[in-house]
Each structure stands twice: as C-alpha cells, then as structure tokens.
Amino acid sequence: MKAARAVQWAGLALLAGKVLFAQDVIGMHDLSPGGISPVKGRLPGACYYCHAPHSGIGGLTPLWNQKLSTQVYNTYTSSTFTDIGNPTPPQSSPSTLCLSCHDGTVAPGQTQAYGSIPTSGSMKTLDVLGTNLESSHPFSLAVPLKDAPYLAASLVSTGTTLDKTGAVKLINGTVECTSCHSAHIQAIDTVSRNFLVLNSASGALCLACHDPNRVPTGQTNPLTGWPTSAHAIASNAVTNTPPAPLLGSYASVAQNACISCHAPHTGQAPDNGQIPARLLRGANEQDCLPCHNGSAAIYPSIFNVAAEYATGKVGHPIPTPLFPHDAAEGTLLNQNRHSTCVDCHDAHEANAVKSFPPPPAIRLSQNGAAGISASDGVTIVNPSVNQFENCLRCHGASTGKVANPIYGYLPMRTVSAGDPLNVIPQFALTASSSHPVTHDNSSPLPQPSLLSNMLNLDGVTQARAMGARILCTDCHNSDDNREFGGPGPNGPHGSKFPHILERRYEFSQAPQPGQPVLNLFPNPDLSVAGPYALCGKCHNLTTILANTSFTEHARHINDGFSCSACHTAHGMGSQSGSISGERLVNFDANVVAPNGAMPISYNRASNSCNLMCHGQAHNGTSFTSNRVPARRGKVGVHR
C-alpha cells in the first residue's frame, strides 16, 4: 500500500513540473508547497487540490477533487430584490465548488482522491464568506431570470450580458461565481487581483449586467445618470494604506466606481437586524462618510460633511432602529422620521456643485432625488425638479411629524392651517404673504429694506443677486457653507444655530402669552454676530431701524424684541378675519395674547393692532407708515 501511494505521489510530482505556470497564473489558488497562497499543503502540484485526473466528483464538474460542503446557506434578499426573485439554495449549483473552500466549513486539502492533505496557514478573513450570504452578491438565481429596470435587457431576452468580450456570462442561464471570477487566472485585472474575468476598472464588471442607460417604459431606473455622475468621473486619488478605509483596489474614485460604496462579498450586515443592506460597505449614511469626512484617504479631500454633525451642531435626524431607512420606502415619509444622505442625494446621479443655478432649481448634488409636489403635498415628483420638492418629503403633508426640542424653540402662529410643521400652506399662492419659495409671490407693496444682493457669511461682501425666488437652503444651511463664503459643504447638514439655520436668528420667548419677554436684545448688534443676522442676509437692518416701512420698527427693535414676535418666517398658513397678513405679520401666540375680549388683530391698511405683548396693551392704535417707492422686478418677498 505504501509503495503504491509512493508511486502515485511520484507521478503527481512529475505532472507538477508541467504546471509550473501555476504561481504566475492561478496565484493564491496554488496551495502547493512552493505556491504563494497563505494556505500550503504537502501535495506537490497546484491543480490537485481542486482536480483529480481520474477520480473526481462527477455531476457538477469533471474531475472535482475538493470535498463539498453540506451547509445550508442564508442567501441574499432585500426589499428591492423581490422583482427579480430570490436565489435558490446553492448546494446543487456550480458555485458549490467555490463554496467548498470559501464558506469556511471545509478546510482546503480535504480531497476525494488523496484523502486529507496536511496543510498549514489559514485563508484571509475576506476570503471566508461563511454560510450567511445575505451580504454577498446574489447568485444561483431561479431561472428563467426576471427582468428589472436597472438590469441589462439582454439578460432575459437573450441570456447574455453587455460585456462585448464575452468574459462576463451567465452560467446555465443564471449568475454563478464563475460569471465574475476565473478560478484559474488571478490577475486578468492586474490591480484588483481577485480572479476577475476582466479588468473591472470604472465598474466594468458591474456594468456588464447593470445598465444605467436603459430607459424602461413606465418604470424608473435607479441607475440613470451614473455615467456622468460625480462618483463615476471623480479623479480624486484613493489610498488604501491602513488605517485608511477600504474604498476599492484602484487608484481613484472613478476607477473604483461601484465598489467605492458596494462590496460584492463583504457588505454591511442587515441594517438594524431587519433590512438587508444592498451590498453597502456601511449602513445608510455611514456608507458615505468614509469619503465625505475630510479623510486623507481621498485626495484632494472632499468637503467634510461628517463635521456638520459634530458636537455643538445639530443636523437632520439619522435613522434609528425605531425609524429605519429603506430604499423601498415611500417618497412621502409618513410615520417614519429620519433622513439619510440618500433621502436628499442620489449617489448614482449626483454631480459636483461647481455652479449655482437660480432658484428654485434643485442643486446638482441632488440630481435624481425624489420629491413631493407642492400643489397637493402627496403627488410624487421623481426626480425632483425644484429643491423644495425634495424637502417636502418630510416637511409637507407627511404624517408623524414632531417638534423635536433639539432644534430649538418653535413659535406657535396665531393664524395656522392646522399642522404647524406642514409648510405647504405657509408658502401657498393663497397665503396673504410668504417668502417666495414654492411660488413667485411678487408683492405690490414697497420693499425698502430688500438688498440687491444677498450677503455672504461675513455680513459684508455681496453674494448671489436677489431674484424672484429663494431656496429653502438660503435660510436652512450649514453655518459654514461654501456657497456663502464658508469653508464647509453646502446644504442643511448641520448648524450651530437652531432649526439648522445658516445664521443667528433669535426668537422672543415669554413664560406666558402677554407676559414680559425673557430674552430681550435692546439696542441690538446689527452685524452678522447679532440676533437678526439671518434677516440681515437679505434685508438692510439699518433701513428697517429707520422706520422706512413701519414707524414703530425702531422702537420695538431697540427695546429688544425679535422679528419672530410679529413675523412668521415662512408665510401665512391660512386666512384670518382679524389679521390681514401682509408683510408676513403673524404673531407668535406663545408671546402675544389677546387684549381683553377682542381677538389678536392686525390691519395693514390702518397699521393698527389689538393685542397684549410684554405686559403692554395695544389698543388698535393706528401708526402712520412711511411710504417709499417700491423696487420692482426682483424679489417680491412679502405681500
């Protein structure tokens, strides 16, 4: 017996000389004593750890030698995968051959023909997939394949991929490990030496099956816009030198393409233990932060969005186990208060912001983001055309909204349409006055305080010219945003000021309506550091103090009252018989009380009001308005 075994091994040694190419070709799959694999066996010859010339396992593939796993696998599934069909158990598929080593349950060298071959070393952690394959690309799919708007139509129609070389192909009509991997040649892709069937720089392997150029009838392709998106063309260099995050094998963001965010075999575990991630390297916005945190792993570095959520600032609420994000959730976020990067940004279509189109157009960084129409608060607009449509996913007619104390004091307006957190009625054409966000609310009244240009964050230099419309982000913005002269990212990611406001804006507050205001700012600082800095972005505060539009402005402001005591920031949410509502006059009912039996009232025509504020009764006294000619043709901010 020993002699026979010796002859057999000697024969194998001779054959081994014919496969000296192994180290240069099959690379890590060469487990022979002279191979480069971290796992090394005593059997000479690279081929014999997988193949036996005369006595391999039949059925699945000729001459297979490695013992197969008998494990039951948890396969990929997600809420956005149901239209394709779930994978079948891979125990009887060609991928079983790969899993016989890569599920980690059968050690390499457990051969059918030669018994257990002693080995030393161990496989790299990333090479052991385990039996839970929920975070690995789906394979062994049920056939025939089902179509989806983001897949190449040829997968179903002809059983072929978009790869013109023919290297990426379906196996028996479905996706298997060997659709993407060539077990015998490690370095077809000389950078990503992972046995890929072709050079996959710029996402070539993924784009063989996932088609961003397809325009399906009556459906939305979530990959639309990818070829010209920021992530597809960014030349920023990437380093994978530890401790830098793993962002792919290639030298730039554009070359890494899909694998900057998606890991085919090492994706994030299911979000919150409930919803499987879509092969993401991180869950939700954590997938974006390895690049968007100012990391030195990206050069030139990208604006640091993570810093906008640092201590001292407050940003949009990230998901929690109670309020998770899911890619299949409705555009109108009912009963689910959260915001992730992808609620406002489409990673497949977003472009770098190199210019600022006039309002109300959505910013290039938000290309492809879905929204809600301001006309009714429920109609889906996909993609959003205007920035406010994206904001209305949460700040419109959605249910379950709450006034979260972390965002600061919330005024309660005397005239309201019912839901104070629904801004649609406040900006509507029917509002007697509003800031011109969802509509051009040009006013016939003079606007003597309105500047010709908005002011930058320094409160001195001129920024964008005043136009007929403004954006939500002209007020709700990071306090250090780039558009208005700061060093940080644009958008309402986070701010040190309440309600994610770009600049300081104080709210008058009283213990009870009508009682003295607790936080007065007498003889206020009118600079960008003062309590009315946000209003000073568009309005000349000196002009307001000169009583050019209302004779009592100087008195109230110098006594220390804030704009919010009398003016609503968005617009009149409803009609009122007692408050005429021009110039955004809508008193804060937490500060102002009725004067006796009469309701709180304001009449612009007579410039009179009847109310109790700061312990002082206003008895309908009329004040003369100093009229100046209207500046027309630009923003009509108030009516």
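Note that the structure is predicted; figures quoted are calculated from it, not measured.

We now examine the packing of aromatic side chains. Each aromatic ring pair is described using two quantities: the centre-to-centre distance and the angle formed by the ring planes. Per the stated rule, a full pass over the model turns up 4 aromatic pairs. With centroids separated by 5.2 Å and ring planes inclined at 85 degrees, the aromatic side chains of Tyr76 and Phe81 adopt a geometry described as edge-to-face. Residue Phe81 is classed as buried on the basis of its relative accessible area of 6%. Between Tyr505 and Phe507, the ring centres sit 5.0 Å apart and the planes meet at 90 degrees, which makes this aromatic pair edge-to-face. Aromatic rings pair up to connect Tyr409, Tyr505 and Phe507 into one cluster. Looking at Arg503, its charged tip hangs above the ring of Phe484, at a distance of 5.9 Å from the centre.

Residues Ile579, Phe587, Val592 and Leu611 are the most contacted members of the largest nonpolar core, which totals 28 residues. Of all the elements in the fold, those that place two or more residues in this core are helix H12 (541-545), helix H13 (553-559) and strand E13 (608-613). If near-sequence neighbours (up to four positions away) are discounted, Ile579 is found in contact with Thr414, Val415, Met572, Val585, Phe587, Ile600, Ser601 and Tyr602. Formed by 20 residues, the second largest nonpolar core is a distinct cluster that contains Val423, Val437, Leu455 and Met466.

Attention shifts here to the side chain of Asp346. Relative to the helices and strands, Asp346 is located in the loop between helix H9 (341-344) and strand E6 (371-372). At 10 Å, Arg393 is the nearest oppositely charged side chain to Asp346, a buried residue that forms no salt bridge. With residues near it in sequence (within four places) discarded, Asp346 still touches Pro222, Asn367, Gly368 and Ala369.

This brings us to the side chain of Ser432. Tracing the sequence through the fold places Ser432 in the loop between helix H11 (424-427) and strand E8 (453-455). Assessed through its relative accessible area of 17%, Ser432 is described here as buried.

In this section: the layout of surface pockets. By volume, the second largest pocket is sized at about 190 Å³. Lining of the second largest pocket is provided by 17 residues; of these, Leu455, Gly459, Leu526, Gly536 and Leu541 occupy positions nearest its centre. Its residues assigned to classes, the lining of the second largest pocket comprises 8 nonpolar, 6 polar and 3 charged.

Another point: the pairing of E13. Within E13, 5 of the 6 residues are buried, which leaves it mostly tucked inside the rest of the structure. Across 2 bridges, strand E11 (residues 592-593) lies against E13 in antiparallel orientation. Its bridge partner lying in E13, Val592 is registered against Cys613. Judged from the 3 bridges that link them, strand E12 (residues 601-603) and E13 form a sheet pairing that is antiparallel. Across the sheet, residue Ser601 finds its bridge partner in E13, namely Asn610. Linking E12 back to E13 in an antiparallel pair, the connection comprises 4 residues, with Asn607 at a positive phi of about 50 degrees.

Here we come to the pattern of salt bridges. For the coordinates displayed, the defined rule picks out 15 salt bridges. Measuring nitrogen to oxygen at the nearest pair gives 3.4 Å for the salt bridge that ties Asp343 to Arg393. Of this pair, Asp343 sits in helix H9 while Arg393 sits in helix H10 (residues 387-395), and the two are 50 residues apart along the sequence. Between Arg464 and Glu483 there is a salt bridge, with the nearest N and O atoms lying 3.1 Å from each other. Within this pair, whereas Arg464 is found in strand E9 (residues 462-465), its partner Glu483 is found in the loop between E9 and strand E10 (494-495), the two being separated by 19 residues in sequence. When sorted by exposure, Arg464 lands in the same class as Glu483, which is buried. Overlapping salt bridges, with partners in common, bring together Glu308, Lys313, Asp479 and Asp480 in one network.

Turning next to unusual backbone geometry. Cis peptide bonds are those with omega within 30 degrees of zero, and the linkage from Tyr299 to Pro300 qualifies with -5 degrees. Structurally, Pro300 can be placed in the loop between strand E4 (298-299) and strand E5 (314-315). Phi is positive for Ala257, close to 50 degrees, though the residue is something other than glycine. On the secondary structure map, Ala257 appears in the loop between helix H8 (253-256) and E4. The phi dihedral of Asn607 is positive, around 50 degrees, even though this residue is not glycine. Within the fold, Asn607 resides in the loop between E12 and E13.

Moving on, we get to empty space enclosed by the protein. Counted by the stated rule, this structure contains 2 cavities of 30 Å³ or more. Estimates place the volume of the largest cavity at around 40 Å³. The leading source of residues in the lining of the largest cavity is H12, at 3 residues. The residue makeup of the lining of the largest cavity, split by class, is 7 nonpolar, no polar and no charged.

A few words now on the pairing of E9. Pairing of E8 with E9, which is carried by 2 bridges, proceeds in the antiparallel orientation. Following the sheet pairing, Leu455 is matched in E9 by Gln462. The hairpin formed by E8 and E9 contains 6 residues between the paired strands, and Gly459 there has a positive phi angle of roughly 75 degrees.

With that settled, the discussion passes to helix H3 (residues 95-102). Counting buried positions over the 8 residues of H3 gives 6, a clear majority of the element. Of the residues making up H3, those classed as buried are Ser95, Thr96, Leu97, Leu99, Ser100 and Cys101. With its phi angle positive at about 80 degrees, Gly104 sits one or two positions after the end of H3.

Residues of the protein with pLDDT of at least 70 account for 88%, and the chain-wide mean is 88. Here residues 1-23 is modelled with pLDDT under 50, and outside its nearest four sequence neighbours on either side it reaches 23 contacts, counting other chains as well. The low-confidence segment residues 624-639 (pLDDT under 50) makes 61 contacts with residues lying over four places distant or belonging to another chain.

Another point: H10. The buried count for H10 comes to 7 of 9 residues, which makes it a mostly enclosed element. For H10, every residue scored as buried is listed here: Gln387, Phe388, Glu389, Asn390, Leu392, Arg393 and Cys394. The secondary structure elements touched by the buried residues of H10 are H9, E6, strand E7 (380-381) and H11.

Analysis parameters
Residues numbered from 1 in each chain as written. Predicted model: local features only at pLDDT ≥ 70, side-chain atom pairs only at ≥ 80, totals over all residues. Heavy atoms only, no water. Phe/Tyr/Trp six-rings, centres within 6.5 Å; stacked < 30°, edge-to-face > 60°. Buried < 20%, exposed > 50% of the residue type's maximum accessible area, 1.4 Å probe, protein only. Lys NZ or Arg CZ within 6 Å of the ring centre and 35° of its normal. Core = buried A, V, L, I, M, F, W, Y, C linked by side-chain atoms within 4.5 Å. Helix = DSSP H or I, 4+ residues; strand = E, 2+ residues; numbered from the N terminus. Contact = heavy atoms within 4.5 Å. Lys, Arg positive; Asp, Glu negative; His and termini not counted. Salt bridge = Lys/Arg side-chain N within 4 Å of Asp/Glu carboxyl O. 1 Å grid on protein atoms, 1.4 Å probe; cavity = no way out; pocket = protein on both sides within 12 Å on 5 of 7 lines; lining within 4 Å. Points joined across faces, edges and corners; volume = space filled by probe spheres on them. Nonpolar A, V, L, I, M, F, W, Y, C, P; charged D, E, K, R; others polar. Pairing = 2+ DSSP bridges. pLDDT = per-residue confidence, 0-100.

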